[in-house]
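Here is what each chain is made of, one letter per residue.
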Amino acid sequence: EIIEADGQVLLPGFVDLHTHLREPGREDTETIESGSAAAALGGFTAVFAMANTNPVADSVVVTDHVWRRGQEVGLVDVHPVGAVTVGLAGKQLAEMGTMAAGVGAVRMFSDDGHCVDDPLLMRRALEYASSLGVLIAQHAEEPRLTVGAVAHEGPTAAKLGLAGWPRAAEESIVARDALLARDANTRVHICHASTAGTVELVKWAKGQGISITAEVTPHHLLLDDSRLETYDAVNKVNPPLREATDVAALRQGLADGVIDCVATDHAPHAEQDKCCEFAVARPGMLGLETALSIVVETMVAPGLLDWRGVARVLSERPAEIVGLPDQGRPIEIGEPANLVLVDPNASWTVTSKDLASISANTPYESMTLPARVTATFLRGRVTAQAGHVRKRD
Ligand code: DOR
Ligand code: ZN
Ligand code: ZN
């Protein structure tokens, strides 16, 4: 079989540290199978499926199921993320050791959808995780500052009468966890950085020698709060879309390596949960199938990253952060062929009904985006080609 690659770019397969696949619990919005298809089409060879499922992934029963089902589907390695606590925002640490020792070999824990807000519990979680050699990914949102909130206190939110979601909700937790990681001599990972202040704090912490890493989503690199003017709930996301100055700071932070990587926070939702009033709609946007194009639009086109940089932020750094042995390597002789072939000159128009996701909540509907995944290879096998998934025979 011959795959034409004239004028194309070959990169290591993408690794997404932050994906919501909704299985178990909300298979009407995404399954491991449909999410794996979206991932393969987006150029991913590994994704980390977040713990806010139903039941919550706070036990080895759930985390092992997620891994096994992903392997059965065979389109992408679906790594389970375990919950830090029993139940999200729980008061008791989950049995991280048991989940880490399971076939799912959990390497990362997060209470995504909730932040570990008790500082003493977070300190104990960091120490426990460190003793196991696993990572805590903190969803930095101080809950006492985020009640009912959909946007920060900026001008657009005020004009629309939307309740404020202050920057301090994110930044206070980033600062706190940087200090907790310093004192406990452990690593911590910050999910979906969204403010200029977070970029400054992560930069400061790294300058102090603290082991902190951070991710940014494609949507926070492209969209700002002017989007909220339409009141369309497709733009509702946690953390919220911020101001254009934040977008600029996030792009620069990613270019400089202060922000380590891009993670999608792919968050499928049913139509009835998105086509209602802004205040009651669920937060979250699709991201897997559009991530590369948004990175090209926001980082490559303005000259902030070259293709080497794309390999770094979408593959090598995320794989390093979680210590994946066979993913995200620079392309070297003898490496497993986890690869993605990209046409940098292609462009395409996003149509939600053509996406592999069960849900349709893309904020990029009808937008024409640059660059397209031509083929994805998982350990040498083609998992997606020319916009079609290739199931195992
Ligand atoms: O907007 C979001 N939705 N942000 C998150 O981190 C969670 C996610 C979800 O699960 O829907
Ligand atoms: Zn989150
Ligand atoms: Zn999330």
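None of these values were measured; they are calculated from a predicted model.

## Remarks on the sheet that holds strand β4 (residues 77-80)
Link 1 in the chain: An order of β2-β3-β4 is seen for the three strands of this open sheet, with the pairing classed as parallel. The open sheet has two free edges, formed respectively by β2 (14-19) and β4, since each of these has just one partner strand. Taken pair by pair, the neighbouring strands of this sheet meet at an average axis angle of 20 degrees, ignoring direction.
Link 2 in the chain: Summarising the sheet, strand β3 (residues 44-49) and β4 pair through four bridges and their orientation is parallel.

## Description of the nonpolar core
Link 1 in the chain: The biggest cluster of nonpolar side chains holds 74 residues, and the ones touching the most others in it are I136 and L292.
Link 2 in the chain: Not counting residues within four places of it along the chain, the set of residues in contact with L292 comprises F14, W307, V310, L314, V342, A371, R372 and V373.
Link 3 in the chain: The next biggest cluster of nonpolar side chains, apart from the first, holds 16 residues, and it includes M108, L135, A263 and L324.

## Quick look at the side chain of T290
Link 1 in the chain: Take T290: it is sitting in the loop between β9 (261-262) and α10 (291-300).
Link 2 in the chain: Apart from the residues within four sequence positions on either side, T290 is in contact with W348, V350, Y364 and L369.

## So, the packing of aromatic side chains
Link 1 in the chain: Under the definition given, this model contains one aromatic pair.
Link 2 in the chain: Ring centres of F14 and F44 lie 5.7 Å apart, and the angle between their planes is 70 degrees; on these two criteria the pair is classed as edge-to-face. Of this pair, F14 sits in strand β2 while F44 sits in strand β3, and the two are 30 residues apart along the sequence. Each member of the pair, F14 together with F44, is buried.
Link 3 in the chain: Over the aromatic face of W348 sits the side chain of R372, whose NZ or CZ is 4.0 Å from the ring centroid.

Quick notes on the rules
- Residues numbered from 1 in each chain as written.
- Chains lettered and ligands numbered in written order.
- Predicted model: local features only at pLDDT ≥ 70, side-chain atom pairs only at ≥ 80, totals over all residues.
- Heavy atoms only, no water.
- Pairing = 2+ DSSP bridges.
- Helix = DSSP H or I, 4+ residues; strand = E, 2+ residues; numbered from the N terminus.
- Axes fitted to C-alpha atoms, helices over the stretch in contact; angles between N-to-C directions.
- Core = buried A, V, L, I, M, F, W, Y, C linked by side-chain atoms within 4.5 Å.
- Buried < 20%, exposed > 50% of the residue type's maximum accessible area, 1.4 Å probe, protein only.
- Contact = heavy atoms within 4.5 Å.
- Phe/Tyr/Trp six-rings, centres within 6.5 Å; stacked < 30°, edge-to-face > 60°.
- Lys NZ or Arg CZ within 6 Å of the ring centre and 35° of its normal.

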